[in-house]
Amino acid sequence: MTRWPLLPVVLLVAGCGGLGPSAADRPNTLTTMGFGLPDEHATARVAVFREKRPEVDLRINEGVFDEQQFLSSVAAGDPPDLVYADRRKLGGYAARGAVQDLGSCLERHDVDLAGYREAAVRQVTYDGTVYGVPDFFTVRVLILNNPVLRENGVDPATMSTTDWTALAEVSAKLARAQDGRVQRIGFDPRVPEFVAMWAKANGADLLGDEPHLDDPRVVEAVRYTTDLVRAQGGWAAFKAFRDTFDSFGAKNELVSGQVAAMAMDSWYVNTLAANSPDVDVTVAPLTDRQGRPLTEAGGQAWAIPKGARHPELACELIATMTAADTWVTAAKARRDALAKKGKPYSGTFTANRAADERIFAEVYDPRGIRVLEQGVQVLQSVQDKAFALPPSPAASDLVRSWEAAVSRVLFGQQTPQESMAQAQREADRALTRVGGR
Amino acid sequence: MTSAREARAGWLFVLPWVFGFLLLTAGPMLYSLYLSFTHYDLLKPARFTGLTNYREILTDDRAATALWNTVFFTLLHVPLQIVLALGLASLLRRAGRSAGFFRTVLFLPTMTPPVALAALFLLLLNGQNGAINAVLGWFGFTGPQWTTDPAWIKPGLVLMSLWTVGSTAVLYLAALTRVPGERYEAARLDGASPWRQFWHITLPGISGTIYFTLIVNTIASLQVFTEAYTMFFGARPSTPAEGDAALFYVIYLFQEAFGSLRMGYASALAWVLFVVIAAITALQVRLSRDYVHYEDRS
């Protein structure tokens, strides 16, 4: 009788999750992190898995990938069964033992990464071991605003990134600035985020087996791209102007004539087709200084964390989600949903070559929209020419080092040489630290 | 006997807080102190490295930048917040029957979630077409690039931080109403000017509240994080294009902990901040003995 107050305490503790197994412990339960269901690409692929394995309780934890949450869960021994993350981050997780080797998993499910795009596979392979399966595949291209170029006597067909001197001259001719305010960007090289691509165009890899941030060719690329920006009103005004763009609206920077030409991620072609289908642009490949097409690849990958409760089921989900048949099913669902809204289907760019071939042969529906008909061809032509930065155990620190270095140059705080030398020192230190100091 | 029972009852009532403090505050703090002497990346066991992390802080340029940014923000934000809040409270005191309405209006911005506030101010402060520069333009001034020029990013953040001045103003208003009216009457009879009344009656009368807000605002400013992180770091995986101008100390600490997985170093950074805050607070407490006037001690 005197012990009755203990009851609510026990119930409270049990209710707080202090007792009993978590949902992830149950058999046939599969938990994911970093994968959302924003459109048919996701929902239709999940539906394929659910149809195949109806007995599995698949729990999609909506929201973007949260590194802190992921690593904490691995450290606490309570990770999700799968993660869906930026491929650039996988190397760091692999080096720290936070994700599992997928070699035997892929073998069991007949997933042959030889059929995947090389750049994507490179991003998920660390020390010769595969730690992830690539999902989407994005590249970078040149987007030209035809009316603005023509008004200024520039033929879009002649504009390229091969001749850096000529590009700087055209950029200066197209740019407009008055009273410290930028009114039009002539050419946007998208630095600091695209600096690895500009270095590659100049023949240098920012990252090989080790960082080469102070390579003279990298320094030259940084000097060239930052000078381009500084000649167009200076970085502060340039960036503030760019921040005002309605990039995802009908009056985006190309429609409103705020930009004449820019380097951009491939997904923006789809955005333009959906929001401003009549926009008059030319999509062209970016080129290196010898005139060869050049692009940098990006995208996400699926991986299985260390300590995942159901690695076999997780592996099955990965194999299903990335199979060519599943991608085609998702592409059809996406196309049909867009068709109901009277919109075109611009195709789906995956890292799986077979999936892409079938999607563009069987499902692609550009509905006569020029930006797609012209742009998609270019995108397809550069897919297999893409390069990707190799995985690194200190990827986040390295990217931060070189982007901060370019920012310092953009603001005129350091010369390109000084800044990249500092970035190199920081990168070396970051790699030493990952090794345990 | 009664007092022993009272003491027991008192402990019983505060016991949940004591448990909560030991479990959720003191425990993690001690663990963080231990981690500050280790190399720990969350995934492998912590390895003892002695004072290495603390030595590294002394030579870390980004830590120095972050500390300077934070101190700069605090030095601008705290006095401005206090002066502006005091001015608003003085006006409110004269508002008569409509004071309640204005008090609510002033306090409402405090309810805005910091993330929404950051998004709003990114638009307002834009150097190209932001409303703040448009207003400056009406008076013939060319506004700066608040969100992209490193020299103006911190002043822009200070400007934004004044959005929540209402909560401090409401505290001052309460304090002002407690200053006895007969003191002002006597001063007026003696021919004291409004400035002398403010300096010799109002300020000593509310010095306790000013002291409280000084300490609270200083500590909060030294831990500033959310707005700057949302505006300049949140959407990006790496360094913002604005460089390190908005890199506040806690943001750097967060980056080191969860971006670079250096939990030991981040713990050391946290303890350095703790010591800095404790030292500044101790100095403020020392100075308060000379400048703060308490009614019950006079």
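Sequence order sets the numbering: in each chain, residues are counted from 1 along the sequence as written. As a convention, the first chain written is A and the first ligand written is 1, with the rest following in written order. Whole-chain, interface and lining totals are the exception, using all residues; otherwise, since this is a predicted model, local features are given only for residues with pLDDT of at least 70 and side-chain atom pairs are given and counted only at 80 or more. Side-chain calculation: all heavy atoms of the structure are included, whereas hydrogens and water are not.

Quick note on the threshold: UniProt positions are given in the numbering used here, feature names are shortened, and annotations may be inferred rather than shown by experiment.
Looking at an unreviewed UniProt entry, chain B carries the name Spermidine/putrescine ABC transporter permease, with the source organism given as Lentzea guizhouensis. Per UniProt, chain B carries the Subcellular location (unreviewed entry) text "Cell membrane". Turning to chain B, the UniProt annotation filed under Sequence similarities (unreviewed entry) states: "Belongs to the binding-protein-dependent transport system permease family."

The name given to chain A in an unreviewed UniProt entry is Sugar ABC transporter substrate-binding protein, with the source organism recorded as Lentzea guizhouensis.

1. Digging into the interface of chain A and chain B
The test is simple: Contacts are assigned to residue pairs with any non-hydrogen atoms lying within 4.5 Å of each other. Put simply, buried area is the surface a 1.4 Å probe can reach on two separate parts but cannot reach once they are joined, added for both. For salt bridges, the criterion is a side-chain nitrogen of Lys or Arg within 4 Å of an Asp or Glu carboxyl oxygen. Under this definition, polar contacts are N or O atom pairs within 3.5 Å; protein pairs additionally need one hydrogen-donor-capable and one acceptor-capable atom, and for neighbouring residues in sequence, both atoms have to be side-chain atoms. Comment: elements are numbered from the N terminus, with helices defined as DSSP H or I runs of at least four residues and strands as E runs of at least two. Residues are grouped as follows: Ala, Val, Leu, Ile, Met, Phe, Trp, Tyr, Cys and Pro are nonpolar; Asp, Glu, Lys and Arg are charged; all remaining types, including Gly, are polar.
Taken residue by residue, the interface counts 34 residues in chain A and 38 residues in chain B. Summed over both sides, the interface between chain A and chain B buries roughly 3,100 Å², with carbon and sulfur atoms accounting for 50% of that surface. Viewed at the interface, chain B and chain A are joined by two salt bridges. For the pair chain A and chain B, the number of links is nine residue pairs in polar contact (both at pLDDT 80 or more). When contributions to the side of chain A that touches chain B are tallied by element, the ones reaching two or more residues are helix 3 (67-75), helix 4 (87-95), strand 9 (181-188), helix 11 (235-243) and helix 17 (395-410) of chain A. For the side of chain A that touches chain B, the per-class residue count stands at 15 nonpolar, eight polar and eleven charged.

2. Some thoughts on the sheet that holds strand 6 (residues 133-134) of chain A
All names here are of chain A. Definition in use: By the convention used here, strands pair only if DSSP detects at least 2 bridges between them.
Taken together, five strands build an open sheet; the order of strands is 2-1-3-13-6 and the sheet is mixed. Every other strand in the sheet has two partners, leaving strand 2 (57-61) and strand 6 as the edge strands with one partner each. Examined bridge by bridge, strand 3 (residues 82-86) and strand 13 (residues 300-303) share four bridges and lie antiparallel to one another. Bridging from a neighbouring strand, Tyr84 pairs with Trp302 of strand 13.

3. As for helix 13 (residues 249-259) of chain B
Every α-helix winds through 3.6 residues per turn, so residues three or four apart in the chain are directed the same way. Applicable threshold: Exposure classes here rest on a 1.4 Å probe applied to the protein chains alone. A residue is buried below 20% of its type maximum, exposed above 50%, and partly exposed in between.
Counted residue by residue, helix 13 of chain B has nine buried out of eleven residues, so it is predominantly covered. Every buried residue belonging to helix 13 of chain B is among Tyr249(B), Val250(B), Ile251(B), Tyr252(B), Leu253(B), Gln255(B), Glu256(B), Ala257(B) and Gly259(B), and all of these are buried. Lining the buried residues of helix 13 of chain B we find helix 3 and helix 17 of chain A together with helix 3 (61-93), helix 11 (207-222), helix 12 (226-232) and helix 14 (263-291) of chain B. One or two residues past the end of helix 13 of chain B sits Leu261(B), with phi positive at roughly 55°.

4. Some details on the state of the cysteines
All names here are of chain A. Quick reminder of the rule: Cysteine sulfur atoms are paired as a disulfide whenever they come within 2.5 Å of each other.
Summed over all chains, the structure comprises one disulfide over all chains. The disulfide that involves Cys105 links it to Cys315, with 1.7 Å between the sulfurs. Looking down the S-S bond of the Cys105 and Cys315 bridge, the torsion is 95°, so its handedness is right-handed. Here Cys105, found in helix 5 (residues 103-108), pairs with Cys315, found in helix 13 (residues 311-321); they are 210 residues apart in sequence, far enough to count as distant. Exposure class is identical for Cys105 and Cys315. Each is buried.

5. A few points about the UniProt feature "transmembrane region" (unreviewed entry) in chain B
Residue and element names in this part refer to chain B. Mapped onto this numbering, the UniProt entry gives "transmembrane region" (unreviewed entry) at residues 12-34, 71-92, 104-125, 156-177, 198-220 and 263-283. Strand forms 0% of residues 104-125 and helix 68%; the C-alpha atoms that close the span are 25 Å apart. Annotated as 86% helix and 0% strand, the span residues 156-177 places its first and last C-alpha atoms 33 Å apart.

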